[in-house]
Amino acid sequence: MKHLTRLLAGAAALSLALAGCASAAPAPAPSQTSAAPETSAPPAETTLTVFAAASLTKTFTELGKTLEAEHAGVTVSFNFAGSSDLVAQIQQGAPADVFASADEKNMTKATDESLIAGEPVIFATNVLSIAVPPDNPAKITGLADLAKDGVKLVICAPEVPCGAATVKVAEAAGLTLKPVSEEAKVTDVLAKVASGDADAGLVYATDVAGAEGKVLGIDFPESAGAVNKYPIGTLAGSANGDLAAEFVALVTGATGQQVLADAGFGKP
């Protein structure tokens, strides 16, 4: 009987020891799942719409690419035309963020109707030049030659800045010009001369410089009497006001001014 009692006591002690060991064992570490990497949302797609004079086509296209390179998701869309057509579109409610005119007269139309936010900034100047085909079939040497009989002359319409400048220099020189056509934008004048459809055309000096040899440019002293100033401003109704202001700053800043100077534009 004593022997049985000792066996039971030993078994109980062993059970207590095993329980102690079990309680002392470290609890298994909770399973850890790796957190999913944070992902940033793609930049929102934004289109900045710029209405600009046709003579700015090459320079503004380049500056638009510069702005796009600095802002992922941003596209700069251009409407290049005669300044008078552009301001008319803006007055009729066409959506735009920036307006750059080839003269102050058409910009004034926009500011008078409070369509421009703040004050426009003059960013460049330009003067007229005579464009002729490379072989100069009419033997044009100066402004007076454009009034000769038989010369197929193409100019801008009077309401377009290059046309207004043409009227001004012709009147100052006492000349009566008889163009075979009047175009809505200066690039159309240049195209007719380059194609040989015209003997001569009055365009901007920058248009001749950018024609890459398709026309010959003839400078004339009377052009100094009609210097066009180019203003730029952000539209009051722009949905992208900050980005529009940044494009204006790009045009008026060092980068834009160098691009414009390289194209032959004068300083503001």
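One can find the structure itself at the top, above this paragraph.
Conventions and cut-offs
Residues numbered from 1 in each chain as written. Predicted model: local features only at pLDDT ≥ 70, side-chain atom pairs only at ≥ 80, totals over all residues. Heavy atoms only, no water. Core = buried A, V, L, I, M, F, W, Y, C linked by side-chain atoms within 4.5 Å. Buried < 20%, exposed > 50% of the residue type's maximum accessible area, 1.4 Å probe, protein only. Helix = DSSP H or I, 4+ residues; strand = E, 2+ residues; numbered from the N terminus. Contact = heavy atoms within 4.5 Å. Pairing = 2+ DSSP bridges. Axes fitted to C-alpha atoms, helices over the stretch in contact; angles between N-to-C directions. Phe/Tyr/Trp six-rings, centres within 6.5 Å; stacked < 30°, edge-to-face > 60°. Salt bridge = Lys/Arg side-chain N within 4 Å of Asp/Glu carboxyl O. 1 Å grid on protein atoms, 1.4 Å probe; cavity = no way out; pocket = protein on both sides within 12 Å on 5 of 7 lines; lining within 4 Å. Points joined across faces, edges and corners; volume = space filled by probe spheres on them. Nonpolar A, V, L, I, M, F, W, Y, C, P; charged D, E, K, R; others polar. Arc of directions from axis to C-beta. Expected span 1.5 Å × (residues − 1). Parallel < 35°, antiparallel > 145°, perpendicular 65-115°, else oblique. Left-handed = near helix turned anticlockwise from the far one by under 90°.

Caption draft 1: Quick look at the nonpolar core. In terms of nonpolar packing, the biggest core is built from 61 residues, with Leu 56, Phe 60, Phe 123, Ile 130, Leu 146, Ile 232 and Phe 247 touching the most fellow members. Looking at this core, the element that brings in the most residues is helix H8 (residues 241–252), giving six residues. If we skip the residues at most four places from it in the chain, Leu 56 touches Thr 61, Phe 80, Ala 100, Phe 123, Tyr 230, Leu 260 and Phe 265. Counting 12 residues, the second largest nonpolar core, distinct from the first, contains Phe 51, Val 87, Met 107 and Leu 235.

Caption draft 2: Highlighting the sheet that holds strand S9 (residues 216–218). Sheet architecture is open: five strands sit in the order S7-S6-S8-S5-S9, paired in mixed fashion. Each edge of the open sheet is held by one strand with a lone partner, namely strand S7 (181–183) and S9. The mean inter-strand angle of the sheet, taken between neighbouring strand axes irrespective of direction, is 35°. Two strands pair when backbone bridges link them, and strand S6 (residues 153–156) and S7 are joined in this way by three bridges, in the parallel orientation.

Caption draft 3: Representation of the packing of aromatic side chains within the structure. Under the defined criterion, the tally for this structure stands at eight aromatic pairs. For the pair Phe 78 and Phe 80, a centre-to-centre distance of 5.0 Å together with 15° between the ring planes defines the contact as stacked. The exposure class of Phe 78 is partly exposed, given its relative accessible area of 23%. Their ring planes at 75° and their centres at 6.0 Å tell us that Phe 123 and Tyr 230 sit as a pair that is edge-to-face. With Phe 123 in strand S4 (residues 116–126) and Tyr 230 in strand S10 (residues 228–235), this residue pair connects regions lying 107 residues apart in the sequence. The burial state of Phe 123 is the same as that of Tyr 230; both residues are buried. Three or more aromatic residues joined by ring pairs make a cluster, and in this case those are Phe 60, Phe 78, Phe 80, Phe 123, Tyr 204, Tyr 230, Phe 247 and Phe 265.

Caption draft 4: Quick peek at unusual backbone geometry. If you check the backbone angles, Asn 136 has positive phi at about 45° while not being a glycine. Along the polypeptide, Asn 136 turns up in the loop between strand S5 (128–132) and S6. In this structure Asn 136 comes out as buried when scored by relative accessible area, which is 12%.

Caption draft 5: Expanded view of the pattern of salt bridges. With the rule as written, the count across this model stands at four salt bridges. The salt bridge partner of Glu 183 is Lys 192, with a shortest N-O separation of 3.1 Å. For Lys 192, a relative accessible area of 30% translates into the label partly exposed.

Caption draft 6: Representation of empty space enclosed by the protein within the structure. Counted by the stated rule, this structure contains one cavity of 30 Å³ or more. The volume enclosed by the largest cavity comes to roughly 60 Å³. Lining the largest cavity are 13 residues; nearest its centre among them are Ala 53, Ala 54, Val 160, Val 186 and Tyr 204. Taken together, the residues of the lining of the largest cavity break down into nine nonpolar, three polar and one charged.

Caption draft 7: Broad picture of helix H6 (residues 186–194). Every buried residue belonging to H6 is among Val 186, Val 189, Leu 190 and Val 193, and all of these are buried. Angularly, the buried residues of H6 cover 95° about the axis, an arc narrow enough to put them on a single face. Elements in contact with the buried residues of H6: S5, S6, helix H5 (161–173), S7, strand S8 (200–204) and helix H7 (205–209).

Caption draft 8: Fine view of H5. With 13 residues, H5 ought to run about 18 Å at 1.5 Å a step, and its terminal C-alpha atoms sit 18 Å apart, in line with that. Residues of H5 that are buried include every one of Pro 161, Cys 162, Gly 163, Ala 165, Thr 166, Val 169 and Ala 170, and no others. Gly 174 sits one or two residues past H5 and shows a positive phi near 70°.

Caption draft 9: View of the packing of helix H2 (residues 57–70) against helix H9 (residues 254–262). Look at H2 against H9: their axes get within 10 Å of each other, and the N-to-C directions meet at 150°. Considering the angle they form, H2 stands roughly antiparallel to H9. Relative to H9, the crossing made by H2 is right-handed. Listed contacts from H9 to Thr 59, Glu 62 and Leu 63 of H2 are Thr 255, Gly 256, Val 259 and Leu 260.

Just distances and angles here, no functional claims.
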